[in-house]
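Analysis of the macromolecular model
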Amino acid sequence: MNKKITVIPRYGDSFKDKLYLPAIYDGFKVTFKHLFENVSDINAVDTLEYPEEQPTDITERYRGLHRLTHRSDDSIACVACFMCSTACPSNCIFIEATEREDGHDEKMPKSFFIDTLECVFCGYCVEACPCDAIRMDTGIFSLTGNSREDFVLNKEQLLANKGAFGEENSCARD
Amino acid sequence: MSLASILIAVISFILGALLALLTIPVLVWLERRIASLVQDRLGPNRTNVFGFRLGGVVQSFADVVKLLLKEEYYPSHIKMGRWLFMFAPVMTFSVALLAFMAIPFADSLYIDGEILRVQALPIDFGVLWYLAIGAIGVLGVIFGGWLSHNKYALLGATRAGSMVISYELPLGLSILAFIITYNTVDFNAMVQWQSGTFFAFLPAWGILVQPLASMILIVSLFAETNRNPFTVAEGESEIVAGFMTEHTAMKFAMYFMGEYIAMNTASAVIITVIFGGYQIPWVSTEMMLQNFSTFALVLMIVVPVIVGLLIKWMRKNNTVRPTVSTDSGRNFETKVLTIVLLGMTVLIEIILFYLMFFAESALANSVTVMLFQIVVFVVKLMMFNIFFIIIRWTVPRFRYDQVQHLGWYYLLPLSLLNLFITALVVVGVN
């Protein structure tokens, strides 16, 4: 029985604490200091003026908008194995496969849609892909559009998205 | 009734209405901006008219337009007392507005033997008016909450009722101590009393003469205005919007604006009763009138300095960071405002110069002093409003039984004790 017991002192019983005003004074000093510093140099406030200033701290592991990768000869890396759409928890990937005639593999997607309004950006599709064909390393965090259809990305749009961190082509298919 | 008296009455009424109504958008904006700056954010700073942002004040006017254009929704479950349900916000609003009207903005003018009060309501029992009218304001809250037939609203109204019984007595008793000290119920006479000194060097402001009563007055006025730390009638986390849960659009806006006018009124009462009103310390109105040329000279030096500092601050802060590509017309705004400010300064300098050397009119001098006092009053009013706002972002809220506890166990005995001592001292001195 040699446990160390820390006795935490209880505050609030002294006259000064019960008076309440010294504590308000201390708090007021803190808030006023922040106000004064920020008023005297408003551009030093550590915020982004968002639409004009874009964030610069997006890391490689940030899950942004999806893209489909290429092989070294610029053909699509995807082999239409349906692993991503099977792994997808929100069922937002729609693939239609077709025969492949450029001599790489047997299959390729004829169409490849991602409904980004359904997508929860969990990254399971990236994990599931055996060909490193779908990635979320575009660094794009805002997608805008005027109708629901604008948010359903097709194969061409996904292929056109560029990786933001150097790696362009698929690492699993060449 | 001479022409001068009618003119002064109309001007002071317009001034009172403007000071009460035009400060609402400014206060709403100040609240949001100061909240942001205290929390290291920026707050609303983008809304503009032709590139003129004025720091973002325009946002409040956009908000008012939004609230005016919103659908006027009337909850169908309220069968009885429809008119009172609609009237309750108006009551809170107009009562707060009326209470402000008894505040003097400058010292009384003496023209041709007539005493002209620079007060929206030229009455000499301002304190009684304020206490009587100010106490009605909470009735609007209680009616609105009761007639909403809504649990949250009813709870909010109950809490508002419990607030009244906790702060009204200490408020009245602390003001009574001031009435005994100043020996008057006239706000203007109170300010005149405070323009003297005591102990030979301290300004005779209420906060120095009656520190205890001043504290009680400030605390109970915080409670009366329903502001933090005494926001018990509404509470996001427990009772949604409290008494105004069922009020929408302009009805809500009435409550909302009433709250800000009440804050403005409370600030005005505090500065009038304990911070010397429209006076600057050590300098009374007679002193300024007797040494008018010195006063004008000091003003001629001080005004450009203040304007210069303001322009310097604006040139530094009305900009965007170098990383932002467009400055959204802020440079242009700074340029125009600089020209306007410089023009006004030059105008003031010319007028003061003329008054100093060429005009020997006592009337012109006293009008200048009056304008100066109005400016001092507005500056003090805004400073105390900012104090109200910073306190809101500093102190956590009281539970409503804690407010009652505070009111009955601490503030009431303290104010009674203070009243007793004040009475003894006043009788002893006389």
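This is a predicted model, so every value here is computed, not measured. (Residues numbered from 1 in each chain as written. Chains lettered and ligands numbered in written order. Predicted model: local features only at pLDDT ≥ 70, side-chain atom pairs only at ≥ 80, totals over all residues.)

Focus: the overall build of chain B
- A tally of helices and strands in chain B yields 16 helices and four strands.
- The C-alpha atoms of chain B give 23 Å as radius of gyration, which agrees with the globular expectation for 430 residues (22 Å, within 12%).
- Within the span of chain B, comprising 430 residues, buried residues form 41% of the whole.
- Expressed as a percentage of contacts within chain B between residues at least 6 apart in sequence, the contacts between residues at least 24 apart total 78%. (Helix = DSSP H or I, 4+ residues; strand = E, 2+ residues; numbered from the N terminus. Rg over C-alpha atoms; globule rule 2.2 N^0.38 Å. Buried ≥ 20, exposed ≤ 12 C-beta atoms within 10 Å, placed from the backbone. Contact = placed C-beta atoms within 7 Å.)

Examining the overall build of chain A
- Each helix and strand in chain A was counted, giving five helices and five strands.
- Going from the N terminus to the C terminus, chain A shows its helices and strands as α-α-β-α-β-β-α-β-β-α.
- Relative to the globule expectation of 16 Å for 174 residues, the C-alpha radius of gyration of chain A, 27 Å, shows a markedly less compact shape.
- By principal-axis analysis of the C-alpha atoms, chain A measures approximately 85 × 60 × 30 Å.

A few points about the packing of helix α6 (residues 151-182) of chain B against helix α9 (residues 211-224) of chain B
All names here are of chain B.
- Running from amino to carboxyl end, α6 crosses α9 at an angle of 145°, the nearest separation of the two axes being 8 Å. Classified by chirality, the crossing of α9 by α6 is left-handed. Where α6 approaches α9, its residues Met163, Ser166, Tyr167, Pro170, Leu171, Ser174, Ile175, Ala177 and Phe178 are matched on the opposing element by Ala213, Ile216, Leu217, Ser220, Leu221, Ala223 and Glu224.
- When its residues are assigned to classes, the contact of α6 with α9 shows twelve nonpolar, three polar and one charged. (Axes fitted to C-alpha atoms, helices over the stretch in contact; angles between N-to-C directions. Left-handed = near helix turned anticlockwise from the far one by under 90°. Nonpolar A, V, L, I, M, F, W, Y, C, P; charged D, E, K, R; others polar.)

Side note on the nonpolar core
All names here are of chain B.
- Counting residues in hydrophobic clusters, the biggest one holds 104 residues, and the most contacted among them are Phe100, Met163, Leu217, Ile261 and Ile270.
- Residue contributions to this core peak at 15 residues, all from helix α11 (residues 249-274).
- Other than its neighbours up to four places away in sequence, Ile261 contacts Ala20, Ile24, Phe93, Ala96, Leu97 and Phe100. (Core = buried A, V, L, I, M, F, W, Y, C linked by C-beta atoms within 7 Å.)

Some remarks on the sheet that holds strand β2 (residues 93-99) of chain A
Residue and element names in this part refer to chain A.
- The antiparallel open sheet is built from three strands, whose spatial order is β2-β3-β5. Both edges of this open sheet fall to β2 and β5 (152-153), since each of them pairs with a single strand only.
- Bridge analysis of β2 against strand β3 (residues 107-115) gives seven bridges, and the strand direction is antiparallel. Bridge pairing in β3 links Glu96 to Ser111. (Pairing = 2+ DSSP bridges.)

Things to note about the domain arrangement of chain A
- Domain annotation for chain A reports domain 1 (11-46) and domain 2 (67-160).
- The straight-line distance from the C-alpha centre of domain 1 of chain A to that of domain 2 of chain A is 53 Å. (Domains from an automatic or database assignment.)

Some remarks on the interface of chain A and chain B
- The interface of chain A with chain B comprises 17 residues on the first partner and 18 residues on the second.
- By residue class, the composition of the side of chain A that touches chain B is seven nonpolar, six polar and four charged.

Here we look at unusual backbone geometry
All names here are of chain A.
- If you check the backbone angles, Ala80 has positive phi at about 55° while not being a glycine.
- Following the sequence through the fold, Ala80 ends up in the loop between β1 (67-68) and α3 (83-87).
- With a phi close to 55°, Phe121 is a non-glycine residue in the positive phi region.
- Residue classification places Phe121 among the partly exposed positions, given that 15 C-beta atoms sit within 10 Å.

With respect to the confidence of the model for chain B
- Of all residues in chain B, 100% attain a pLDDT of 70 or more, and the chain-wide mean is 85.
- Across the assembled chains, the prediction reports ipTM 0.82 with pTM 0.82. (pLDDT = per-residue confidence, 0-100.)

Quick word on α9(B)
All names here are of chain B.
- Taking 1.5 Å as the rise per residue, α9 with 14 residues should run 20 Å; its terminal C-alpha atoms sit 20 Å apart, in good agreement.
- Counting buried residues in α9 gives eleven out of 14 residues, a clear majority hidden from the surface.
- Looking at α9, one finds that the buried residues are Ala213, Ser214, Ile216, Leu217, Ile218, Val219, Ser220, Leu221, Phe222, Ala223 and Glu224.
- Looking at the buried residues of α9, the elements they touch are α5 (126-147), α6, α8 (206-209), α11 and α16 (400-429). (Expected span 1.5 Å × (residues − 1).)

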